[in-house]
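Residues per chain are reported as follows:
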Amino acid sequence: MDEDTISRAISRMSFEILEKDRDIKHLSIVGIRTGGEYLGKRLQQEIQRIEGIEIAYGVIDITLYR
């Protein structure tokens, strides 16, 4: 995927999340280290841009559970 395609996919996923649950005051985004960490951060930033509110973000490392 090129940069433009990834940006459109992130935007589409963000709108899907917002459509499924309009009560986003309790929404948190958690990325699974390492690749999911970057995806989660981009989703958080896009949702914040769309809604104009702060969204909680965290990262979980599942290395110990593999």
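Residues numbered from 1 in each chain as written. Predicted model: local features only at pLDDT ≥ 70, side-chain atom pairs only at ≥ 80, totals over all residues. Heavy atoms only, no water.

Engineer: An account of helix α2 (residues 35-51) is needed here, citing residue identities and associated values.
Structural biologist: In this model α2 runs 25 Å from its N-terminal to its C-terminal C-alpha over 17 residues, within 8% of the 24 Å that 1.5 Å per residue would give. Residues of α2 that are buried in the fold lie against α1 (3-20), β1 (28-32) and β2 (56-60). Two residues or fewer after α2 comes Gly52, characterised by a positive phi angle close to 75 degrees. (Helix = DSSP H or I, 4+ residues; strand = E, 2+ residues; numbered from the N terminus. Expected span 1.5 Å × (residues − 1). Contact = heavy atoms within 4.5 Å.)

Engineer: Can you explain the nonpolar core? Please cite residues and give values.
Structural biologist: Of all hydrophobic cores here, the largest spans six residues; its members are Leu18, Ile24, Leu27, Ile29, Ile47 and Ile55. Setting aside anything within four residues of it in sequence, one finds Ile47 in contact with Ser14, Ile17, Leu18, Leu27, Ile29, Gly52 and Ile55. (Core = buried A, V, L, I, M, F, W, Y, C linked by side-chain atoms within 4.5 Å. Buried < 20%, exposed > 50% of the residue type's maximum accessible area, 1.4 Å probe, protein only.)

Engineer: Can you explain α1? Please cite residues and give values.
Structural biologist: The end-to-end C-alpha distance of α1 is 26 Å, a good match for the 26 Å that 18 residues give at a rise of 1.5 Å each. Three or more residues of α1 are buried, namely Ile10, Ser14 and Leu18. With its buried residues spanning 70 degrees around the axis, α1 presents them on a single face. Pointing more than 90 degrees away from the buried face of α1 are the exposed residues Arg12, Glu19 and Lys20. Its buried side turned inward, α1 meets α2. (Arc of directions from axis to C-beta.)

Engineer: An account of the packing of α1 against α2 is requested, with residue identities and associated values reported.
Structural biologist: Contact geometry of α1 with α2 gives a least axis separation of 9 Å together with a crossing angle of 65 degrees. For α1 against α2, the interelement crossing comes out right-handed. Contacts between α1 and α2 involve Ile6, Ser7, Ile10, Ser11, Met13, Ser14, Phe15, Ile17 and Leu18 from the former and Leu39, Arg42, Leu43, Glu46, Ile47, Ile50 and Glu51 from the latter. By residue class, the composition of the contact of α1 with α2 is 10 nonpolar, three polar and three charged. (Axes fitted to C-alpha atoms, helices over the stretch in contact; angles between N-to-C directions. Left-handed = near helix turned anticlockwise from the far one by under 90°. Nonpolar A, V, L, I, M, F, W, Y, C, P; charged D, E, K, R; others polar.)

Purely geometric numbers; function is a separate question.
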